[in-house]
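Structural overview for review
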Amino acid sequence: MLTFQTIKGLIFVFITTLLLLIALIAIPADTPTGLSPVRRVLWPRLIAAQVIPALAVLIQIELWEWIQPYSYFLLYPAIFLSSWVGGLTGGVIATLGTTLAVWYIFIPIPYSFSIERPTSFISIGLFFAMGVMFSLTHHRLRSAERNARDNKFNAMDEQSHAGLYIIQDGRIRYASPEFARLLGQPEPERLIGQPVRELIVPEDWGRIAARIEQPDANARDELRQSLRARHAEGHLIDLDLYGRTFSQDGRPAMIGLAVDVTPHRAAERARDAAQRRLALAAGGMGVWEWHSPSDTLSCSPECAGLLGVEEGNPTPQANLSRVHPEDLERLIQETRQALARQHTLVT
């Protein structure tokens, strides 16, 4: 037979559960934006979520003489706090353990899983349901807050000509659409999980390898580096990388921007080449240029005069045929070294 006090308690629990359910439905669905990675279970939070209700149970045992028969007196606040600290996983585990504890210790018959009154199953079930509701509500609230923050950031990122990236453990964990476009990828998802080493020219990778693969989150290290990356279509692009280390899921990571400066670098190289040609021509020296990707050779009038050929664009093979056989192999080897290391060829 249900007493008036029991009915009041059940009504209170039912109304509270209903309000939580309404709030849970009203919170926007957890739709990932892609910027904030899926959070891993953090063991310190998970452990703290279990300690809180355990302490509540011990305190309630000590105070049981004064607070009985209110079996859930300290335990509702405890699982509410546990769900806030431990998140969805920690909150549900804490709720399950606390439910078993209150059933075994405080529900008559004490220190037994036997039930004196069948109606006790209702209160036990509602306690467990509310604990799960607490965990779901906190989880959805945090997800909604995180997604709202990410959506604002994505809105700004879409208007920017710089690509946003997050790197952890030497791999890309997040790439904005603009970052993917810079590297010739139609979708950012194709870059997720890819080692950064595979995207950077080996000669440039050595300058940033340690800072990318082993960043120090506590040092707040800043990255500012110009390097060459490989486009999806195979050609090289010039990038300016800006980044800063931070802690993500308790481990160091780097977040930053990448800017395509290929046209700017090409203009600088063309300007420098023009200045060199003018300086050499002023000294009566010949200038030849070999464009390795297209395998074309161009000679200045001074160079053509020195070689005794007509001014124009002879083929590289025709030019090499004029080199003495004893010097040909050395010239080819030193040319390859100059191309690989990007230094001046003097021979």
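Quick look at the structure, then.

So, how was this worked out
Residues numbered from 1 in each chain as written. Predicted model: local features only at pLDDT ≥ 70, side-chain atom pairs only at ≥ 80, totals over all residues. Heavy atoms only, no water. Helix = DSSP H or I, 4+ residues; strand = E, 2+ residues; numbered from the N terminus. Buried < 20%, exposed > 50% of the residue type's maximum accessible area, 1.4 Å probe, protein only. Contact = heavy atoms within 4.5 Å. Areas by Shrake-Rupley, 256 points an atom, 1.4 Å probe, with all protein chains shown as cover. Expected span 1.5 Å × (residues − 1). Bend = angle between axes of the 7 residues up to and from the residue. Pairing = 2+ DSSP bridges. Core = buried A, V, L, I, M, F, W, Y, C linked by side-chain atoms within 4.5 Å. Arc of directions from axis to C-beta.

Overview of the overall build of the chain
Within the chain one finds 10 helices and seven strands. For the chain, the proportion of its 347 residues judged to be buried stands at 35%. Residue pairs in contact within the chain that sit at least 24 positions apart in sequence constitute 51% of those at least 6 positions apart. Per element, the accessible surface of the chain, about 21100 Å² overall, is 61% carbon and sulfur.

Some remarks on helix H2 (residues 43-67)
An α-helical turn contains 3.6 residues, so any two residues separated by three or four positions project in the same direction. For H2, built from 25 residues, the straight-helix expectation of 36 Å at 1.5 Å per residue is met to within 8% by its first-to-last C-alpha distance of 33 Å. The largest bend along H2 reaches roughly 50° and is located at Ile61. Within H2 the residues assigned to the buried category are Leu46, Ala49, Pro53, Ala56, Val57, Gln60, Trp64 and Ile67. On its buried side, H2 packs onto helix H3 (75-105).

Focus on the pairing of strand S5 (residues 251-260)
With five bridges joining them, strand S1 (residues 163-168) and S5 adopt antiparallel strand pairing. The partner of Tyr165 across the bridge, within S5, is Gly256. Pairing geometry for strand S4 (residues 236-248) and S5, over 10 bridges, is antiparallel. Residue Gly243 lies in a different strand from S5, and its bridge partner there is Gly256. With antiparallel pairing between neighbouring strands as the criterion, S4 and S5 make up a hairpin whose turn holds two residues, including Asp249 at a positive phi of roughly 55°.

Focus on the nonpolar core
Within the largest apolar cluster, 24 residues are counted, with the highest numbers of intra-cluster contacts made by Phe179, Leu183, Leu191 and Ile212. Broken down by secondary-structure element, the contributors of at least two residues to this core are S1, strand S2 (171-175), helix H5 (177-182), helix H6 (202-213), strand S3 (222-230), S4 and S5. Per-element tally for this core: the top contributor is H6, with four residues. Excluding its chain neighbours within four sequence positions, the residues that come into contact with Phe179 are Gly163, Leu164, Tyr165, Ile172, Leu191 and Ala258. Within the second largest apolar cluster, 20 residues are counted, among which are Val57, Leu75, Ala101 and Ile124.

Some remarks on H6
The set of residues buried in H6 consists of Asp204, Trp205, Ile208, Ala209 and Ile212. In an axial view of H6, the angular spread of the buried residues amounts to 160°, which keeps them on one side of the axis. Facing away from the buried side of H6 by over 90 degrees, the exposed positions are Gly206 and Ala210. Residues of H6 that are buried sit in contact with S1, S3 and S5.

Section: the environment of Ile115
By the secondary structure assignment, Ile115 is in the loop between H3 and helix H4 (120-158). Distance in space between the C-alpha atoms of Ile115 and Trp103 is 8.5 Å, their sequence separation being 12 residues. In this structure, Ile115 is in contact with Trp103, Ile107, Pro108, Ser120, Phe121 and Ile124, ignoring residues within four places of it in sequence.

Observations concerning unusual backbone geometry
Look at the link from Gln68 to Pro69: it is a cis peptide, with omega at 15°. A cis amide bond, omega 10°, links Pro108 with the succeeding residue Ile109. Although it is not a glycine, Tyr111 sits at a positive phi angle of roughly 55°.

Considerations on the environment of Arg142
Residue position: Arg142 is located in helix H4. Along the primary structure Arg142 and Gly87 are separated by 55 residues, whereas in three dimensions their C-alpha atoms are 9.0 Å apart. When sequence neighbours within four positions are dropped, the list of residues in contact with Arg142 reads Arg45, Ser83, Trp84, Val85 and Gly87.

Structural measurements only, silent on function.
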